[in-house]
Amino acid sequence: MDTEHSSLEAITGSLGGRLRAAREKRGIDIETCANALRLPTRVVRQLEGNEYNGIDYQVYLGGYLTKYARYLGIDEAEVKAELERIKPSQPTLVATGGISHSRYLLENYARAATYVVLTAAIVVPTIWLGVRGTLDRDVSHLAPLDATPVAQVDAPAGAGSAAAPATASVGTDGTPAVAAAAPAAAQSVATPPSPAQDQQPLMASMAPFPSLGNDAAHAAPAATDAGTGAHSLVLSLESASWVEVTTKDGARLEYGLLPAGSSKTYHSDQPLEVRIGNANGAQVTLDGQPMALDSFRRSNVAHFRIEVRDGKAAPTGA
């Protein structure tokens, strides 16, 4: 009894002692409090005895004490004071080492520079090899469609045409003599190129108008007509242009690149659809009347239709 009385006196001034005193004053046993608070009896005994070991006070202890204090009518300020008292002290942070600002920047930028150098060392050679291989393989074989064909190198003459056959003659003294054909005459005979050599494959270049700068070097073609019908569309080109003229049923009266100086007339009794590249250097006449291309031109390409209504032809937008 003496031991229990002395321990009771030791905790009387604490929060646990006040909780126990308030419970006993109300005449409530520990089991009844535990059932009302929905806490284990062991936890209630620990709260009254200030024995917080085994309770995770960082999470649950504050809630247990606050709930028990409200149940017994004790001021919650005492609970907050108790929690502040038993709150563990935070350890002081101590710097164990230091690094200068310049070294910090050097290490970070050096890491980034390493990544950039490695990426460049891998990507740049790969792109260079790919581009160089493509150019070496393809660019040397490109030629514009309107370029002058490359002259074929004649094959060496065959054995049968290397020299003319010898002819026999009789001299004035009756001695037979052999006269050989002149070497120059034999060499002047050239072997005609074979069809395989004459037909060189050509690949179109990406330039839309490869011969615009050489218009003066080519003679202007003669005026030509295409199609049949009562209505006429005359196209005159001051410079090379790509032209497409299509009838309503899909037949093409023109489809291709026309050189500078071309003049063509297209006859038709049905609607036509016309596309003219490099339209700045083109002049169009419809049934003898000049036709302006400004309203049909987009990015130097004219696109319009010729509609036939009541026997009259008129241009409309495509």
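Here goes a summary of the coordinates provided. Note that the structure is predicted; figures quoted are calculated from it, not measured. (Residues numbered from 1 in each chain as written. Predicted model: local features only at pLDDT ≥ 70, side-chain atom pairs only at ≥ 80, totals over all residues. Heavy atoms only, no water.)

So, about the overall build of the chain. Of the regular secondary structure elements, the chain holds nine helices and 13 strands. Going through the 318 residues of the chain one by one, you find that 23% of them count as buried. A fraction of 60% describes how many contacts in the chain between residues 6 or more apart in sequence connect residues 24 or more apart. Of the roughly 22,000 Å² of accessible surface on the chain, a fraction of 57% belongs to carbon and sulfur atoms. (Helix = DSSP H or I, 4+ residues; strand = E, 2+ residues; numbered from the N terminus. Buried < 20%, exposed > 50% of the residue type's maximum accessible area, 1.4 Å probe, protein only. Contact = heavy atoms within 4.5 Å. Areas by Shrake-Rupley, 256 points an atom, 1.4 Å probe, with all protein chains shown as cover.)

The next thing to look at is the side chain of Thr-246. Its location among the elements puts Thr-246 in strand 5 (residues 241-247). For Thr-246, the contacting residues outside a window of four places in its chain are Ala-251, Arg-252, Pro-271, Leu-272 and Glu-273.

The next point concerns empty space enclosed by the protein. In the structure shown here, the tally under the stated rule is one cavity of 30 Å³ or more. Estimated volume of the largest cavity: approximately 40 Å³. Taken together, His-231, Ser-232, Leu-233, Tyr-266, Ser-268, Gln-270, Leu-272, Leu-286, Ile-306 and Val-308 make up the full set of residues lining the largest cavity. Elements represented by at least two residues in the lining of the largest cavity include exactly strand 4 (231-237), strand 7 (263-268) and strand 12 (301-309). If you tally residues by element for the lining of the largest cavity, the top one is strand 4, at three residues. Among the residues forming the lining of the largest cavity, the class breakdown is six nonpolar, four polar and no charged. (1 Å grid on protein atoms, 1.4 Å probe; cavity = no way out; pocket = protein on both sides within 12 Å on 5 of 7 lines; lining within 4 Å. Points joined across faces, edges and corners; volume = space filled by probe spheres on them. Nonpolar A, V, L, I, M, F, W, Y, C, P; charged D, E, K, R; others polar.)

Moving on: the pairing of strand 4. Burial analysis of strand 4 places five of its seven residues in the buried class, the great majority of the element. Where strand 4 lies against strand 7, six bridges are found, and the strand directions are antiparallel. Each residue of the ladder has a partner; that of Ser-232, found in strand 7, is His-267. Where strand 4 meets strand 9 (residues 282-286), five bridges bridge the pair, whose relative direction is antiparallel. (Pairing = 2+ DSSP bridges.)

All right, on to the side chain of Glu-48 then. Within the secondary structure layout, Glu-48 lies in helix 4 (residues 41-48). Assessed through its relative accessible area of 4%, Glu-48 is described here as buried. Polar contacts involving the side chain of Glu-48 include one to the side chain of Tyr-68, which spans 2.5 Å. (Polar contact = N/O pair within 3.5 Å; in protein donor to acceptor, adjacent residues only side chain to side chain.)

Under the counting rule described, the total for this entry stands at 12 salt bridges. Close ionic contact of Arg-70 with Glu-76 constitutes a salt bridge, the shortest N to O distance being 2.4 Å. Judged by its relative accessible area of 28%, Glu-76 is partly exposed. Residues participating in the shared-partner salt-bridge network are Glu-244, Arg-252, Glu-273 and Arg-275. (Salt bridge = Lys/Arg side-chain N within 4 Å of Asp/Glu carboxyl O.)

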